[in-house]
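Descriptive structure summary
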Amino acid sequence: MEKKQKLNIPQLIFSYIIIAAGSAIAAFAIEEFLVAKNILDGGIVGISIILNNLTKVPLSLYIVLINIPFLVLGLKQLGKTFAFKATFAMIVFSILLAAFEDMEEVTDDPLLATVYGGLFLGIGVGLVMRAGGCVDGMDTLSLLLSKRTQFSTGQIILGFNLVIYTIAGFIFGADRALYSILTYFITSKV
C-alpha cells in the first residue's frame, strides 16, 4: 500500500511566490522590451503577439484564450498540481501583461530590447518552470510530444518557434524575425 505524500504548505506557498515573481519578470520582458519593438517570443506568446498586431485584441486576452486547451491537456496528462501551477502562472502573466501595456518602453534600441528582453524573459520563465509551472502552453505540448517521439522538448519547441519566426518575418520584416531568433537563443541559454 502506497503512503500518501504529506503536503508541505510552506513549500507550496513558496513555489507559488516564485511562480508569481517569474511571471511578473516574464510579463515585464514581453511588454517593455519585445512587444514595443515587434520582437516575438516563441510559442503561444509569439502567436498571441502576431494576432495582437493584426487585430488589436489585447495580448493578455489571446494568451489566456489560446492557452486554455493546453491547460486542459496538462491537467489530463500531467496532473492537478501542474495544471494549477500553470493556470496560476498564466493568469498572473496575463494580468501583468495588461498592467505593463501602458508603461513607457525601456529602450528605443531594438538590439538592447532583444538582449535584455531575452535575458529577463529567460529569468522569468526559468523561475516559473523551476517552481513547477509554465506561462506558455506550447511547453506543455512539447513536453508531452517529447515523451512520444525521439525529439527532445527543446527540439520540438525550436521547430514550432522556427515556424512562428518565419511567419513573423513575413508580417514584421526579416530583421524582426532575426531579432526574435536572437531573443529565443538568449532566453533558452538563461
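As a reminder, the structure under discussion sits directly above these lines.
So, here's what we can say about the structure. The numbering scheme is per chain: residues are counted from 1 as the chain's sequence reads. Only residues with pLDDT of at least 70 are given local features in this predicted model, and only at 80 or more are side-chain atom pairs given and counted; all residues enter the totals for whole chains, interfaces and linings. Derived side-chain values reflect all non-hydrogen atoms in the structure, with water molecules and hydrogen atoms excluded from consideration.

**So, the side chain of K85**
Checked against the element boundaries, K85 lands in helix α4 (residues 80–100). Burial here depends on accessible area, computed with a 1.4 Å probe over protein chains only, as a share of the maximum for the residue type. Under 20% is buried, over 50% is exposed, and the range in between is partly exposed. Just so you know, the count uses Lys and Arg for positive and Asp and Glu for negative, and it drops His and the chain ends. Definition used for salt bridges: Asp or Glu carboxyl oxygen within 4 Å of a side-chain nitrogen of Lys or Arg. The buried charged residue K85 lacks any salt bridge partner; its closest oppositely charged side chain belongs to D139, at an N-O distance of 15 Å. Definition of a polar contact: a pair of N or O atoms within 3.5 Å, with one able to donate and the other able to accept a hydrogen when the atoms are protein atoms, and with sequence-neighbouring residues admitted only if both atoms are side-chain atoms. Only 3.3 Å separates the side chain of K85 from the side chain of S15, close enough to count as a polar contact. Contacts were defined at the residue level, with two residues in contact if any of their heavy atoms lie within 4.5 Å. Those residues in contact with K85 that lie beyond four places of it in its chain are L12, S15, Y16, I19, A131, G132 and G133. Secondary structure elements are taken from DSSP: a helix is a run of H or I of four residues or more, a strand is a run of E of two residues or more, and numbering for both begins at the N terminus.

**As for the side chain of T107**
Positionally, T107 belongs in the loop between α4 and α5 (110–130). The buried category is assigned to T107, whose relative accessible area is 16%. A polar atom in the side chain of T107 sits 3.1 Å from the backbone nitrogen of D109. Apart from residues no more than four positions distant in its own chain, T107 is found in contact with F33, K37, L112 and A113.

**Here's the deal with the packing of aromatic side chains**
Pairing of aromatic rings covers Phe, Tyr and Trp, the last through its six-membered ring, and needs centres within 6.5 Å; plane angles under 30 degrees mean stacked, over 60 mean edge-to-face, and all others mean tilted. Within the structure shown, the criterion is met by six aromatic pairs. Judged by centre distance (5.1 Å) and plane angle (70 degrees), the ring pair of Y16 and F88 falls under edge-to-face. In this pair, Y16 is assigned in helix α1 (residues 9–34) and F88 in helix α4, connecting sequence segments 72 residues apart. According to the relative accessible area criterion, Y16 is partly exposed, its value standing at 22%. Using a relative accessible area of 29% as the deciding quantity, one classes F88 as partly exposed. Consider the rings of F28 and F100, whose centres lie 5.5 Å apart with planes at 80 degrees: the pair is edge-to-face. Taken together, the residues F28 in helix α1 and F100 in helix α4 connect sequence positions 72 residues apart. On the accessibility criterion, F28 (24% relative accessible area) is partly exposed. An aromatic cluster is defined as three or more aromatic residues linked by ring pairs; in this entry it consists of F28, F33, F100 and F120.

Just geometry here; none of it tells us what the structure is for.
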